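One-letter residues, chain by chain:
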Amino acid sequence: MQVYNTLTKKKETFVPLEEGKVRMYVCGPTVYNFIHIGNARPMIVFDTVRRYMEYKGYEVNYVSNFTDVDDKIIKKALEEGVSSQEISQRYIEECKKDMSMMNVKPATTHPLATQEIGGMLDMIQTLIEKGYAYEVNGTVYFRTRKFAPYGKLSHKNLDDLRGGERVLLVSGEDEKEDPLDFVLWKPKKEGEPYWESSWSQGRPGWHIECSVMSKKYLGEQIDIHAGGEDLVFPHHENEIAQSEACNGKEFARYWLHNAFLNIDNKKMSKSLGNFFTVREISEKYDLQVLRFFMLSAHYRSPLNFSAQLMEASKNGLERLVTTADNLTYRKEQGADGPMTEEEEKLFAATKAYVEKFEEAMDDDFNTADAIAAMFELVKYLNTNVNEGCTKVFAEKCQERLVKLGDILGLILVKEKELLDEDVEHLIAERQAARKAKDFARADEIRAQLLDQGIVLEDTREGVKWKRA
Ligand code: AMP
Ligand code: ZN
């Protein structure tokens, strides 16, 4: 498997630190509003990378954080007259709903910055002790020049960066030893959330959060660190400096960055106001269409959002779903018994399309070519799975197609919805399990229902349920 590494600016063969395992960290969103479809691009892209790695047999430990303490969250909380926590909790929940509608799998762990402050205090302390950080008036700064490889990810050298000096000085940070130094800890301002530390009552800088959460959940060295290309500098560069200075080891082996989702060839962003939220798009399209749209381009190519491309994606997805549906029909109508000799041959020939798909994905996750391979398979199946075929043949062909869809997170055959009476039946079974103190079974039923979008609420009047 070849992956493009921002660090070396080359495609490299993927070799994990530990055989059969992948440790992967993806920088998550700052939660002060609904996520926009630009934010959805890394979610969909790296979820697909994860799915492909899992398909290849790797056990993937996938960690993606929520940044739940930030100026923008505090601002929004002040505007609404509620706590920062209320804002971040609300938008984490909304983000999880969007992720589920886009068929983005929940991460193995979704750490919250505010729950990891202890680890941040420890890492900052270590950096001070090692001479990589210093405190001035309650603020702790990273001593950038002391970390010699600084700039290795963004391929900038420190002297180029001095160009930014003046801007930095204007921002009132002239207490820094060097304009290149960045904040690890800053004192609170009136009314802001804060934590106690030996330097000041304050809060962490953004970069230290990811270094700490990555270390806690994945260890000092990880295989893949990913995010949008705007994070290369300074965020990821600073993460490298902090983690490597603290741990004395290479932080991440492979750095993957998705290109922007643009609109009229400009980056979609909250600050420019040129964005659509995922929720808005969901009013018009099934979010599977958005997922298809994102994967129709290579993740390192800029992608321009347009109604026209969304319509094309809708049609493309429909072509795949229609073939899968036809195969369901053939399965139902098909003859019993084993595949005929002819069918055996026809089925064996489908392997070529799977290989084409894998070849595309092995080449730095070229989802555009992988989708093209799926279309070829669809064409082949439409021609070769005909009336009078056996059930098994139709079933195996469908499995093949659905499996490829699943790697891309595209659901081609929807599971039948649970009927109300099935839900009632499972709830009764859960109640019986609880009565018998079999809480494991009770939890299992709850989780099973949740998987199908059924949310239970235990009330004094008994169990209530609704479809999410
Ligand atoms: P933020 O909440 O701004 O920190 O962004 C969360 C993630 O979304 C980061 O990985 C960003 O790089 C990514 N991102 C933000 N805007 C876009 C965009 N227009 N296109 C692609 N990725 C984006
Ligand atoms: Zn990060």
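Computed from a predicted model, the values in this text were never measured in an experiment.

A. Representation of the pattern of salt bridges within the structure. All told, the structure shown has 34 salt bridges when counted by the stated rule. Aspartate 71 is the partner of arginine 203 in a salt bridge, and the nearest nitrogen-oxygen pair spans 2.6 Å. Of this pair, arginine 203 sits in strand E8 (residues 202–204) while aspartate 71 sits in helix H2 (residues 71–80); the two residues are 132 residues apart in sequence, bridging distant segments of the chain. Classification of aspartate 71 as partly exposed rests on a relative accessible area of 42%. Among the charged side chains, a salt-bridge network with shared partners connects Asp47, Arg51, Arg291 and Asp406.

B. Up close: the nonpolar core. Ranked by size, the top nonpolar core spans 88 residues in total, and within it Met53, Met102 and Phe365 carry the most contacts. Membership of the second largest hydrophobic core comes to 40 residues, among which are Leu127, Leu161, Ile208 and Phe251.

C. Geometry of the coordination of the zinc ion (ligand 2). Bound to the zinc ion (ligand 2) on the protein side are Cys27 (SG), Cys210 (SG), His235 (NE2) and Glu239 (OE), at distances that span 2.0 to 2.7 Å. In this structure, the zinc ion (ligand 2) is coordinated by four donor atoms arranged in irregular fashion, with angles at the metal of 71 to 128°. The sequence pattern formed by the donor residues of the zinc ion (ligand 2) is C-x182-C-x24-H-x3-E. Here cysteine 210 lies in helix H7 (residues 206–218) and cysteine 27 lies in the loop between strand E3 (21–26) and helix H1 (37–55), a separation of 183 residues in the sequence. Residue class for cysteine 210 comes out buried when judged on its relative accessible area of 0%.

D. Unusual backbone geometry, seen in detail. Of note, the bond from phenylalanine 233 into proline 234 is cis; its omega dihedral lies within 30 degrees of zero at 0°. Relative to the elements of secondary structure, proline 234 occurs in helix H8 (residues 232–247). Unlike most non-glycine residues, asparagine 103 shows phi in positive territory, near 60°. Of note, asparagine 103 is situated in the loop between helix H3 (84–101) and helix H4 (117–129). By relative accessible area, asparagine 103 is classed as buried at 18%. You will see that aspartate 264, though not glycine, has its phi angle at about 50°, which is positive. As for its position among the elements, aspartate 264 is in the loop between strand E11 (261–263) and strand E12 (266–267). When its relative accessible area of 63% is taken as the criterion, aspartate 264 is described as exposed.

E. Quick peek at the site of ligand 1. Among the 16 residues in the neighbourhood of ligand 1, the closest are listed as Gly38, Gly228, Asp230, Leu261 and Met268. Measuring from an oxygen atom of ligand 1, one finds a backbone N or O atom of threonine 30 at 3.1 Å. For ligand 1, a nitrogen atom lies 2.8 Å from a polar atom in the backbone of methionine 268. For ligand 1, the accessible surface in isolation is 480 Å², of which the surrounding protein chains cover 89%. When contributions to the shell around ligand 1 are tallied by element, the ones reaching two or more residues are H1 and strand E9 (222–228). A per-element tally of the shell around ligand 1 places H1 first, with three residues. Class assignment for the residues of the shell around ligand 1 results in seven nonpolar, seven polar and two charged.

F. Looking closely at the sheet that holds strand E4 (residues 59–64). Across the sheet, which stays open at both edges, the four strands sit in the order E4-E3-E9-E10 with parallel pairing between neighbours. The sheet is open, and its two edges are formed by E4 and strand E10 (252–258), each paired on a single side. When strand polarity is set aside, the average angle formed by the axes of neighbouring strands in this sheet is 20°. Running over the sheet, H1 touches E3, E4, E9 and E10 and is turned about 165° from E4. Contacts from H8 reach E9 and E10, with the element oriented near 160° to E9.

G. Region of the structure containing the pairing of strand E6 (residues 139–142). The side-chain alternation of E6 yields two buried faces, one formed by Thr139 and Tyr141 and the other by Val140 and Phe142. Alignment of strand E5 (residues 133–136) against E6, held across four bridges, turns out to be antiparallel. Within the sheet, the bridge partner assigned to glutamate 135 lies in E6 and is valine 140. Following E5, the chain reverses through two residues before pairing antiparallel with E6; asparagine 137 in that reversal takes a positive phi of roughly 50°. By the bridge criterion, three bridges tie E6 to strand E7 (residues 182–187) in an arrangement that is antiparallel. Each residue of the ladder has a partner; that of valine 140, found in E7, is tryptophan 185.

Conventions we followed
- Residues numbered from 1 in each chain as written.
- Chains lettered and ligands numbered in written order.
- Predicted model: local features only at pLDDT ≥ 70, side-chain atom pairs only at ≥ 80, totals over all residues.
- Heavy atoms only, no water.
- Salt bridge = Lys/Arg side-chain N within 4 Å of Asp/Glu carboxyl O.
- Helix = DSSP H or I, 4+ residues; strand = E, 2+ residues; numbered from the N terminus.
- Buried < 20%, exposed > 50% of the residue type's maximum accessible area, 1.4 Å probe, protein only.
- Core = buried A, V, L, I, M, F, W, Y, C linked by side-chain atoms within 4.5 Å.
- Donors = N, O, S within 2.8 Å, 3.2 Å for Na, K, Ca; no water.
- Tetrahedral: all angles 85-135°; square planar, octahedral: opposite > 155°, others 65-115°.
- Near = heavy atom within 4 Å.
- Polar contact = N/O pair within 3.5 Å; in protein donor to acceptor, adjacent residues only side chain to side chain.
- Areas by Shrake-Rupley, 256 points an atom, 1.4 Å probe, with all protein chains shown as cover.
- Nonpolar A, V, L, I, M, F, W, Y, C, P; charged D, E, K, R; others polar.
- Pairing = 2+ DSSP bridges.
- Axes fitted to C-alpha atoms, helices over the stretch in contact; angles between N-to-C directions.
- Contact = heavy atoms within 4.5 Å.

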